[in-house]
Amino acid sequence: MAAPGTPPLAPDARGVRRVVFVEGVRTPFGKAGDKGIYAGTRADDLVVNAIRELLRRHPELPPERVDEVAIAATTQTGDQGLTIGRTAALLSGLPKSVPGFALDRMCAGAMTAVTTTASGIGFGAYDIAIAGGVEHMGRHPMGEGVDPNPRIVADKLVDPSALVMGQTAENLHDRFPEITKQRTDAYAARSQERYAEAVKTGKIGPELVPVATRSAELGWGLATEDEPPRPGTTVEQLAALKTPFRPHGRITAGNAAGLNDGATASLLADEDTARELGLPVAMRLVGYSFAGVEPEVMGVGPVPATEKLFKRTGLGIDDIGLFEINEAFAVQVLAFLDHFGVSEDDPRVNPWGGAIACGHPLASSGVRLMTQLARQFAERPDVRYGLTTMCIGIGMGGSVLWENPAYEGAKA
């Protein structure tokens, strides 16, 4: 304890340091279930593969310089439990001096792993961190083992539909009747088309980490590409699908992301440290915000989160040159775009497709968005700012704003 009369500590004169996104990688995403590519693969092995690949790609980074490993999982049990950030660090071959932790913000787990460790970097607690997420929905379905307090419903804190994500998406259709099923099916078909074109042209692929797989029927294999996509999907095919969450509803397996397995990992650093070590700078963090909404319409969460972010940064929707919006449901993406007056076929929006095509392994998806944005920045020096945003179960949204270091306007 300080002696009586000791003056308080002066504010840190260094201020907030600049945080950069060095690189992100991910496993191919698989379909959850007994027939999925990862049916016989452990969840922790998925994220370990991703971390090892980051280290392999950056031999200029001394492993002992990593200050933290933050790994998210929505269902933290079994091979996704036991403080997976720490166990994944050990299994990845990082020195035992490197700590790690686990966290959960449902779909925004990896996004929160990034913003949390980035805050530590900005504050000066870390120089370098690894952040990512994993979800093996085949082994651990969302909600496995949970015991929601009955007062949540009994005290009418939320509508009962808030606990079923597909029903919240139907509720969003109710709130915004102008977002018709025809519009969501058209958006979903476009996502599949854009994803297929991005794979064909090699834009999606370099960030993927091959994963050895094994099944009782097929023996050993190697996962090298995403399993969920349905190239060639048409609006007519989507219109014929069943609506499992409501009779004559609007949400189908075609205009929503599926149940998936997969993992992501990213490398973050203070920009001065990155320069010192020769690490590339793919993006600079500008700011981030999370916001809560009514849980029964959780898909609208990105709207207030983004408004909050714009208010804090002084930027607006017209400043954003690229959007990476997680496609949990097409209706949720369209609600965001309609609110901000952005066309649903705007080429700035998910130019390489999204989760409706490639999959959404819950807690891992935030880093997938960032990884795709970083790769797009490298191709688009005409773009200065990009946004990664997603809705979050139990009524939240998260948005992260990034700056392109290759922006040609900065050189003028």
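Residues numbered from 1 in each chain as written. Predicted model: local features only at pLDDT ≥ 70, side-chain atom pairs only at ≥ 80, totals over all residues. Heavy atoms only, no water.

**With respect to the overall build of the chain**
Inference 1: What the chain contains, in helices and strands, is twelve helices and twelve strands.
Inference 2: Relative to the globule expectation of 22 Å for 412 residues, the C-alpha radius of gyration of the chain, 21 Å, shows essentially globular dimensions.
Inference 3: For the C-alpha atoms alone, the extent of the chain along its principal axes is close to 70 × 55 × 50 Å.
Inference 4: Within the span of the chain, comprising 412 residues, buried residues form 56% of the whole.
Inference 5: When the accessible area of the chain is evaluated, it comes to approximately 17500 Å², of which 55% is carbon and sulfur surface.
Inference 6: Between the mean site of the 40 positive side-chain charges and the mean site of the 50 negative ones, the chain shows a separation of 1 Å. (Helix = DSSP H or I, 4+ residues; strand = E, 2+ residues; numbered from the N terminus. Rg over C-alpha atoms; globule rule 2.2 N^0.38 Å. Buried < 20%, exposed > 50% of the residue type's maximum accessible area, 1.4 Å probe, protein only. Areas by Shrake-Rupley, 256 points an atom, 1.4 Å probe, with all protein chains shown as cover. Lys, Arg positive; Asp, Glu negative; His and termini not counted. Charge placed at Lys NZ, Arg CZ, Asp CG, Glu CD.)

**Topic: the packing of aromatic side chains**
Inference 1: Tallied over the entire structure, the rule returns five aromatic pairs.
Inference 2: Ring centres of Phe-21 and Trp-402 lie 5.7 Å apart, and the angle between their planes is 75°; this geometry places the pair in the edge-to-face category. Of the two residues, Phe-21 sits in strand 1 (residues 19-26) while Trp-402 sits in strand 12 (residues 396-403), which places them 381 residues apart along the sequence.
Inference 3: Aromatic pair Tyr-288 and Phe-290: ring centres 6.1 Å apart, planes at 65°, arrangement edge-to-face.
Inference 4: Residue class for Phe-290 comes out buried when judged on its relative accessible area of 14%.
Inference 5: The rings of Phe-310, Phe-323, Phe-336 and Phe-340 are connected pair by pair, giving a single aromatic cluster.
Inference 6: Residue placement shows Arg-26 over the ring face of Phe-29; its charged tip is 4.4 Å from the ring centre.
Inference 7: Note that Arg-105 overlies the ring of Phe-290, its terminal NZ or CZ placed 3.8 Å from the centroid. (Phe/Tyr/Trp six-rings, centres within 6.5 Å; stacked < 30°, edge-to-face > 60°. Lys NZ or Arg CZ within 6 Å of the ring centre and 35° of its normal.)

**Thoughts on the side chain of Glu-271**
Inference 1: In this structure, Glu-271 sits in helix 8 (residues 271-277).
Inference 2: Exposure remark for Glu-271: the relative accessible area of 7% places this residue in the buried category.
Inference 3: At 2.9 Å, the side chain of Glu-271 and the side chain of Arg-275 are in polar contact.
Inference 4: Beyond its immediate chain neighbours, meaning those up to four positions away, Glu-271 contacts Arg-18, Val-20, Val-281 and Arg-284. (Polar contact = N/O pair within 3.5 Å; in protein donor to acceptor, adjacent residues only side chain to side chain. Contact = heavy atoms within 4.5 Å.)

**Notes on the packing of helix 9 (residues 302-313) against helix 10 (residues 330-340)**
Inference 1: Taken N-terminus to C-terminus, the directions of helix 9 and helix 10 make an angle of 40°; their axes are 9 Å apart at the nearest point. Considering their axes alone, helix 9 and helix 10 lie oblique with respect to each other. Seen from helix 9, the contacting residues are Pro-302, Val-303, Thr-306, Glu-307 and Phe-310; seen from helix 10, they are Ala-335, Phe-336, His-339 and Phe-340.
Inference 2: Its residues assigned to classes, the contact of helix 9 with helix 10 shows six nonpolar, two polar and one charged. (Axes fitted to C-alpha atoms, helices over the stretch in contact; angles between N-to-C directions. Parallel < 35°, antiparallel > 145°, perpendicular 65-115°, else oblique. Nonpolar A, V, L, I, M, F, W, Y, C, P; charged D, E, K, R; others polar.)

**A look at the UniProt feature "domain: Thiolase C-terminal" (unreviewed entry) in the chain**
Inference 1: In the UniProt entry, the feature "domain: Thiolase C-terminal" (unreviewed entry) is given for residues 282-402.
Inference 2: Taken end to end, residues 282-402 has its terminal C-alpha atoms 10 Å apart, with 35% of it in helix and 26% in strand. (UniProt positions renumbered as here; feature names shortened; annotations may be inferred.)

**Details of helix 5 (residues 165-175)**
Every α-helix winds through 3.6 residues per turn, so residues three or four apart in the chain are directed the same way.
Inference 1: Buried residues dominate helix 5, accounting for eight of its eleven residues.
Inference 2: Turning to helix 5, its buried residues number three or more, namely Met-165, Gly-166, Thr-168, Ala-169, Glu-170, Asn-171, Leu-172 and His-173.
Inference 3: In this fold, the buried residues of helix 5 make contact with helix 6 (181-200) and helix 10.

**Things to note about unusual backbone geometry**
Inference 1: Although it is not a glycine, Leu-82 adopts a positive phi angle of roughly 60°.
Inference 2: Along the chain, Leu-82 falls in the loop between strand 3 (68-72) and helix 2 (84-91).
Inference 3: One non-glycine residue, Asn-350, adopts positive backbone phi at about 45°.
Inference 4: With respect to the helices and strands, the residue Asn-350 is situated in the loop between helix 10 and helix 11 (355-358).
Inference 5: Residue Asn-350 is classed as buried on the basis of its relative accessible area, which comes to 2%.

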